[in-house]
Amino acid sequence: MHTVRIWDLPTRLFHWVLFVCVVALVVTAKVGGNAMNLHLRLGYVVFTLLLFRLLWGFVGGHWSRFVSFFPTPGRLTRYLGGRATTADTAGHNPLGALSVLAMLLVLGAQVGSGLFSDDEIAFSGPLTALVSNATVGRLTEWHSHWGQYLVIGLVLLHVLAIVVYRLRRQNLVGPMVVGDKTLPEPVTAARDSAGTRLLALALLGVAAALVYAVVQLGSRGALG
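Residues numbered from 1 in each chain as written. Predicted model: local features only at pLDDT ≥ 70, side-chain atom pairs only at ≥ 80, totals over all residues. Heavy atoms only, no water.

### Quick look at the packing of helix 2 (residues 35-59) against helix 6 (residues 94-114)
The N-to-C vectors of helix 2 and helix 6 enclose an angle of 135°; their axes lie 10 Å apart at closest approach. What the angle tells us is that helix 2 and helix 6 run oblique. You can see that helix 2 and helix 6 cross each other, and the crossing is left-handed. Facing helix 2, whose interface residues are Gly43, Val46, Phe47, Leu50 and Arg53, helix 6 presents Leu104, Leu107, Gly108 and Val111. Its residues assigned to classes, the contact of helix 2 with helix 6 comprises six nonpolar, two polar and one charged. (Axes fitted to C-alpha atoms, helices over the stretch in contact; angles between N-to-C directions. Helix = DSSP H or I, 4+ residues; strand = E, 2+ residues; numbered from the N terminus. Parallel < 35°, antiparallel > 145°, perpendicular 65-115°, else oblique. Left-handed = near helix turned anticlockwise from the far one by under 90°. Contact = heavy atoms within 4.5 Å. Nonpolar A, V, L, I, M, F, W, Y, C, P; charged D, E, K, R; others polar.)

Rendered as structure tokens:
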């Protein structure tokens with residue numbers, strides 16, 4: 001058996017901070033009222049995290065890169081046919097990869113629609129002034145209903161998968177906490193040095209700057 005670093009620290013922090021933020025977003029949306037101020041700020045945090053993960057998916061540790069876990073037909077066929085290699089499952093297995101990509105896409109849609117949403121009571125996204133009232137209405141409807149239900153459904157599916165794999169004596173949570181996995185064969189270890197962590201911090205700063213720039217577009221549009 002071989003102990004290999006699979007999840008670098010930036011990926012692990014991204015995973016857990018995103019989980020906390022998503023749960024808090026659902027709670028604040030249900031509470032409403034003054035909690036919507038926190039909801040808005042949490043939305044900016046998730047926006048920043050998603051942009052960071054997009055960048056990190058190209059330059060991060062080996063198993064955090066999209067190319068290492070993208071569910072190609074070959075990987076899916078081997079996994080579903082019980083012929084998966086160690087490399088197919090060292091990071092996200094093909095089914096897990098589908099879930100991860102779906103979560104990123106749905107959260108991206110939620111963040112995007114939230115920027116243009118207006119509940120006409122306590123919440124107004126920063127970009128509502130840039131589009132028509134009809135567009136605001138459609139995006140608000142998606143954000144507060146179907147989009148929210150999809151997020152909740154994917155979170156529950158993620159938790160169910162963790163439980164199912166745990167019953168099959170496969171621990172998905174532990175490696176996402178400590179970073180290492182014990183595997184029957186050696187595979188490429190993820191880079192997780194001080195240098196890569198500084199790079200991740202720089203990319204997080206870039207992501208935050210992009211989010212700030214997007215939010216400011218609404219301010220300039222309102223003034224215009």
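### Let's talk about the pattern of salt bridges
Under the defined criterion, the tally for this structure stands at five salt bridges. The salt bridge partner of Arg197 is Asp192, with a shortest N-O separation of 3.1 Å. Residue class for Arg197 comes out partly exposed when judged on its relative accessible area of 34%. Since its relative accessible area comes to 15%, Asp192 is described here as buried. A network of salt bridges, in which partner residues are shared, links Arg5, Arg12, Asp180, Asp192 and Arg197. (Salt bridge = Lys/Arg side-chain N within 4 Å of Asp/Glu carboxyl O. Buried < 20%, exposed > 50% of the residue type's maximum accessible area, 1.4 Å probe, protein only.)

### A short note on the environment of Leu101
Note on placement: Leu101 falls in helix 6. Remark: the alpha-carbon pair of Leu101 and Phe70, spanning 31 residues in sequence, is separated by 8.6 Å. Ignoring any residue separated from it by four or fewer positions in sequence, one finds Leu101 in contact with Phe69, Phe70 and Pro71.

### Thoughts on the side chain of Thr11
Within the secondary structure, Thr11 is located in helix 1 (residues 9-31). Residue Thr11 is classed as buried on the basis of its relative accessible area, which comes to 4%. In this structure Thr11 touches Trp56, Ser64 and Met176, once residues within four positions along its chain are discounted.

### Things to note about helix 6
Across its 21 residues, helix 6 extends 30 Å between first and last C-alpha, which sits within 8% of the 30 Å expected from 1.5 Å per residue. Where helix 6 starts, the residue carrying a side-chain oxygen 3.0 Å from the main-chain nitrogen of Leu95 turns out to be Asn93. (Expected span 1.5 Å × (residues − 1). Polar contact = N/O pair within 3.5 Å; in protein donor to acceptor, adjacent residues only side chain to side chain.)

### What about the nonpolar core?
Core analysis: the largest hydrophobic core is formed by 33 residues, its most contacted members being Leu18, Val46, Phe52 and Leu107. Sorting the residues of this core by element identifies helix 1, helix 2, helix 3 (66-69), helix 6, helix 8 (146-167) and helix 10 (194-223) as the ones contributing at least two each. Leaving out residues up to four positions away in the same chain, Phe52 has contacts with Pro10, Phe14, Ala200, Leu203, Leu204 and Ala207. The next biggest cluster of nonpolar side chains, apart from the first, holds nine residues, and it includes Val4, Ala90, Leu183 and Ala190. (Core = buried A, V, L, I, M, F, W, Y, C linked by side-chain atoms within 4.5 Å.)

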